[in-house]
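What follows is the residue order along each chain.
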Amino acid sequence: MKEVIFDQLQEKIYTETLDNGLKVVILPKRGYSKTFVTFTTKYGSIDRTFKPHGKDEFITVPDGIAHFLEHKMFEKEDGDVFQKFSLNGASANAYTTFGRTAYLFSATNKVMENTKVLLDFVQQPYFTEQTVDKEKGIIAQEITMYDDQPDWRLYFGTIENLYKEHPVKIDIAGTVESIQDITAEHLYTCYETFYHPSNMLLFVVGAVNPEEMMAFIKEDQAQKSFDQPEPIKRQFPSEIKAADIPERVLTMDVSKPKLNIGMKCTAANQQGQEMLETELSANLVLDHLFGRTSSFYEKANREGLVDESFSYEFSMEDGYGFAMVGSDTDEPDKLEALIRQTIKEAKENWPVKDEDLERMRKKKIGQFMRSLNSIEFIANQYTRYEFNEMNLFDVVPTLEKLSMDKLRAAFATFSDDSSYTIFKVLPPVA
Amino acid sequence: MFNKTKLQKGVHLYIRKTEQFKTVNVTIKWKAPLEQKAASERTVLANVLEDSNAKYRTQSEMRKALDELYGTVLYTDVSKRSAEHTVSLFAECVNDEYFEGEDIFKQLWQLIQAVVFEPNVKDGAFDQAVTDREKRNVRDRIRSIYDDKTRFAQKRMLEIMRPDQPASVSAYGTEEAVSSITKESLYQTYEQMITNDLIDIYVVGDIDESEIIEQIKKYLPFAARDVQKLSAKTDTYSVESVKTVREQQDMKQGKLHLGFTTPVTFNHPDYNKMQITNGIFGGFAHSKLFMNVREKESMAYYANSAFASHYGIVYVTAGIDADLEEKAVQLIGEQLTALQQGDITEIELNQTVALLENSIRSANDSARSQIEIYDQYKELDEHFTAEKLIEKWQSVTLEDVKEMANTIQLEVVYLLSGKEGTSK
């Protein structure tokens, strides 16, 4: 077990990669009552074309399968896993993203017992045609629920516009139609390919004794047998640079039009420190251009082009990345023009001054320190960073030395407007 | 848990010293009676105070000052509880210990002072442009509930069940009340709030208690005030017949919201028993609603119940295929009947107690949750602790749950669904 101390943050982590390849990370938090444990596989909705474990041919599976598998992990021959967690006083859940599936619980009691339940249920699949079919009604309602959420449609519609080939454009849960094709056999195939311990990370944070917990996990894993780890072969189509669809409009029963601009990022294959620097820099640039201290926001707010729903973000993973700026607005065209104008001016005349960079650096460092109060943030983000070969605790030192050149370079990855798309949700014409 | 200091009559400070967090949290709560018009005024006022003040004259200046303080957070919000309306100011800054030589906390008090005592006011009125903008923002916030079909359906259900009563009055007020606000009326509301409201101030973090008390006396010199505690009328509602209302919009899913009445409220001696009862009914993933409506019948992704304890309302929400309304209502009714007939196991009871226990202990891991929970429970017991609450839950019996379930009566069935031809 390796100990790493982050002096400035007053945090200490314990890590070990077990014989079966599972990476375990433990972070005790002083004064906390609960323990939060996540068990995550580097497998999400974008992993749809791959070589199944032990096979030589690539296959493509139905859309929505990673999420479907996440649902079905909770049902076992002897019943629903939630029942066990509840008896042990643990609140359990799971989620699927484009690139990860995470199973988790938080508990203030019986932490070892609950960790055992978590390890066992994720490592002992049980799928039958009957249980798979039964789930289709539940997931169909989940998909329908999201279909009625205009902000959800706006967000994912924008991504769909941006990408021509990459599976990030496909809904994480699939469609009501695509999930009908899912079988128990598919689930086993995906499970065997992506749920090997060497493709997973277990994170324990909160009220925990690291030595005891590590010993407990090691013993549990030593008792279970797994195949030899094999490198996972995924296949992704090549993607164009430009946005696939420049503009789309969706009519929904909303009170006010919604506008979102998506900006495709060209630095889609970065990992590690390089990715961390790009990601942090891009966030700083967006803050400067669109944040509440920006001249854009001052103007947009004064002229009533944005309201409290205004937001922007930068998102980047292995294979894709984008910036987004959007708001509910009565004047989508004017807002779009102002956003485009802001980017254009920044390209012509770099707007970030040294004093701005210093102020934003301070702000981001403070924000990061604050987020370390949340053990959920730590577990989820640490895992995401690790899967992208970055370390969450490098954020502050990286912010401290981020240069203006990095900000310029990050801005250049999403400032070409041929890679922009517009998505609007508009109320029906009366 | 919290140490209480009386600063003035009607102005109290609650401090919790802890080394658990990397930040210090401050919350100031102004409490007044919940009324539609006042709620609107106070919501716009909260926005205006957050925007700018006499010291930091624009939002940009204000936000830059916060950014310089290592991304200190400062914002306002409004909420309601029982018959009370609350304007809250939340602030959070990083502990000084991480940044040697910087007195972040003192600067934070100065900022809060500017927000609270140095508003951007001239000749008895706020700035016209800021007032107009924030009126528009609040109006749009109220309207946007329409876009979130679950929230909209819940709002409608409460309006049908308890029209013009605290249970259905929005903390944001109404569009009409917002539109009648002027920059002068807003200033009167400000004066009223600063002078007459009941004020609770909370500080959680690694701080020096006596220093905090001195700083607050210096930077937040609130005067004494006469205040009366308000609580919603706890009338018992008798149900003669179940009211069924169906409304339609362009949407796909059916949003089924059921309102049940119970005489048991937050102040009632059986309050803790009802918390358990609601938990077994539909509060968790082991509950009857989840196990039967979702898992057994595959009819819904979510099917939950909640206990709005301040209003004596238990409500159930489920996202279903609108064609299956009748079946869903029947199935939900069957789960309640099971509880009323005592068809409950020790396991269900133990699971529910264990999860409630987990949630109250977990709340300890967030400064904001500590503040919100204490702010609520101190009204029952100033020496409230999680342990006391847990003891009460642990003493609840199967017989208690059955008895509680028998006080619950269905009052309203509300379904929001797609128009004909759009539901599929």
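Here the structure is a predicted model, which means the values were calculated and not measured.

K.L.:
Please provide a residue-by-residue account of the overall build of chain A, values included.
P.N.:
Counting its secondary structure elements, chain A contains 14 helices and 16 strands. Computed over the C-alpha atoms, the radius of gyration of chain A is 23 Å, within 12% of the 22 Å expected from 2.2 N^0.38 for a compact globule of 430 residues. Taken along its principal axes, the extent of the C-alpha atoms in chain A is 65 × 50 × 40 Å. Evaluated residue by residue, chain A yields a buried proportion of 49% over its 430 residues.

K.L.:
Which residues make up the interface of chain A and chain B, and what are the values?
P.N.:
Opposite the 55 residues of chain A that make contact, chain B presents 55 residues. Elements represented by at least two residues in the side of chain A that touches chain B include exactly helix 2 (81-87), strand 10 (101-107), helix 4 (129-147), helix 9 (295-302) and helix 11 (354-371) of chain A. In terms of residues, the side of chain A that touches chain B owes the most to one element, helix 11 of chain A, which gives 10 residues. Class assignment for the residues of the side of chain A that touches chain B results in 16 nonpolar, 20 polar and 19 charged.

K.L.:
Tell me what's going on with the sheet that holds strand 12 (residues 247-251) of chain A, and back it up with residues and numbers.
P.N.:
Residues and elements named next belong to chain A. If you trace the 5 strands from one edge of the open sheet to the other, you get 12-16-13-15-14, paired in mixed fashion. Where the open sheet ends on each side, the last strands, each with one partner, are strand 12 and strand 14 (311-317). Here the strands of the sheet are splayed against their neighbours by 15 degrees on average, with no regard to which way each runs. Pairing between strand 13 (residues 258-264) and strand 15 (residues 320-328): 7 bridges, direction antiparallel. Residue pairing across strands places Lys-264 opposite Phe-322, the latter belonging to strand 15. The sheet strands contacting helix 5 (residues 150-162) are strand 12, strand 13, strand 15 and strand 16 (420-426), and the helix crosses strand 16 at an angle near 150 degrees. With respect to the sheet, helix 8 (residues 272-290) is in contact with strand 14 and strand 15, its orientation differing from that of strand 14 by roughly 170 degrees.

K.L.:
Explain helix 9 of chain A to me, using residue names and the numbers behind them.
P.N.:
Residue and element names in this part refer to chain A. Within the sequence span of helix 9, burial applies to Phe-296, Tyr-297 and Ala-300. For helix 9, the arc enclosing every buried residue in end-on projection is 90 degrees, short of the 170-degree limit, so these residues lie on one face. Considering only its buried residues, helix 9 is in contact with helix 8 and helix 10 (332-348). Looking one or two residues beyond helix 9, the residue adopting positive phi is Gly-304, at roughly 70 degrees.

K.L.:
Go over the domain arrangement of chain B with me, naming the residues and quoting the values.
P.N.:
Residue and element names in this part refer to chain B. Per the domain assignment, the segments making up chain B are domain 1 (3-219) and domain 2 (243-418). A straight line from the C-alpha centre of domain 1 to that of domain 2 covers 30 Å. Counting residues at the interface gives 25 residues for domain 1, matched by 24 residues for domain 2. Breaking the side of domain 1 that touches domain 2 down by element, the ones donating at least two residues are strand 2 (11-17), strand 3 (23-33), helix 5 (149-161) and strand 8 (198-205). Residue composition of the side of domain 1 that touches domain 2, grouped by class: 11 nonpolar, 6 polar and 8 charged.

K.L.:
Which residues make up the packing of helix 1 (residues 65-73) of chain A against helix 6 (residues 184-194) of chain A, and what values go with them?
P.N.:
Residues and elements named next belong to chain A. Two elements in contact, helix 1 and helix 6, have axes separated by 10 Å at closest approach and are oriented at 95 degrees. Taken together, the axes of helix 1 and helix 6 are roughly perpendicular relative to one another. Where helix 1 approaches helix 6, its residues Ile-65, Ala-66, Leu-69 and Lys-72 are matched on the opposing element by His-186, Leu-187, Cys-190 and Tyr-191. Residue composition of the contact of helix 1 with helix 6, by class: 6 nonpolar, 1 polar and 1 charged.

K.L.:
Run through the sheet that holds strand 13 (residues 409-418) of chain B, naming residues and quoting values.
P.N.:
Hydrogen bonds along the backbone pair up the strands of a sheet, which may run parallel or antiparallel. Residues and elements named next belong to chain B. The 5 strands lie next to each other as 9-13-10-12-11, forming an open sheet whose pairing is mixed. Two strands in the sheet have a free side with no partner beyond their single neighbour: strand 9 (243-249) and strand 11 (303-308). Going from strand to strand, the sheet's axes swing by 15 degrees on average, the running direction of each strand aside. Two strands pair when backbone bridges link them, and strand 10 (residues 254-261) and strand 13 are joined in this way by 7 bridges, in the antiparallel orientation. Directly across from Phe-260, in strand 13, lies its bridge partner Leu-410. Most of the contacts of helix 5 go to strand 13, to which it runs at about 140 degrees, and overall it touches strand 9, strand 10, strand 12 (313-320) and strand 13.

K.L.:
Give a detailed account of unusual backbone geometry, specifying residues and quantitative values.
P.N.:
Residues other than glycine predominantly adopt negative phi, and peptide bonds predominantly adopt the trans conformation. Residue and element names in this part refer to chain A. Look at Gln-10: it is not a glycine, yet its phi comes out positive at around 55 degrees. Among the secondary structure elements, Gln-10 is positioned in the loop between strand 1 (2-6) and strand 2 (11-17). A residue is classified by how many C-beta atoms lie within 10 Å of it, and Gln-10, with 15 of them, is partly exposed.

About the cut-offs
Residues numbered from 1 in each chain as written. Chains lettered and ligands numbered in written order. Predicted model: local features only at pLDDT ≥ 70, side-chain atom pairs only at ≥ 80, totals over all residues. Helix = DSSP H or I, 4+ residues; strand = E, 2+ residues; numbered from the N terminus. Rg over C-alpha atoms; globule rule 2.2 N^0.38 Å. Buried ≥ 20, exposed ≤ 12 C-beta atoms within 10 Å, placed from the backbone. Contact = placed C-beta atoms within 7 Å. Nonpolar A, V, L, I, M, F, W, Y, C, P; charged D, E, K, R; others polar. Pairing = 2+ DSSP bridges. Axes fitted to C-alpha atoms, helices over the stretch in contact; angles between N-to-C directions. Arc of directions from axis to C-beta. Domains from an automatic or database assignment. Parallel < 35°, antiparallel > 145°, perpendicular 65-115°, else oblique.

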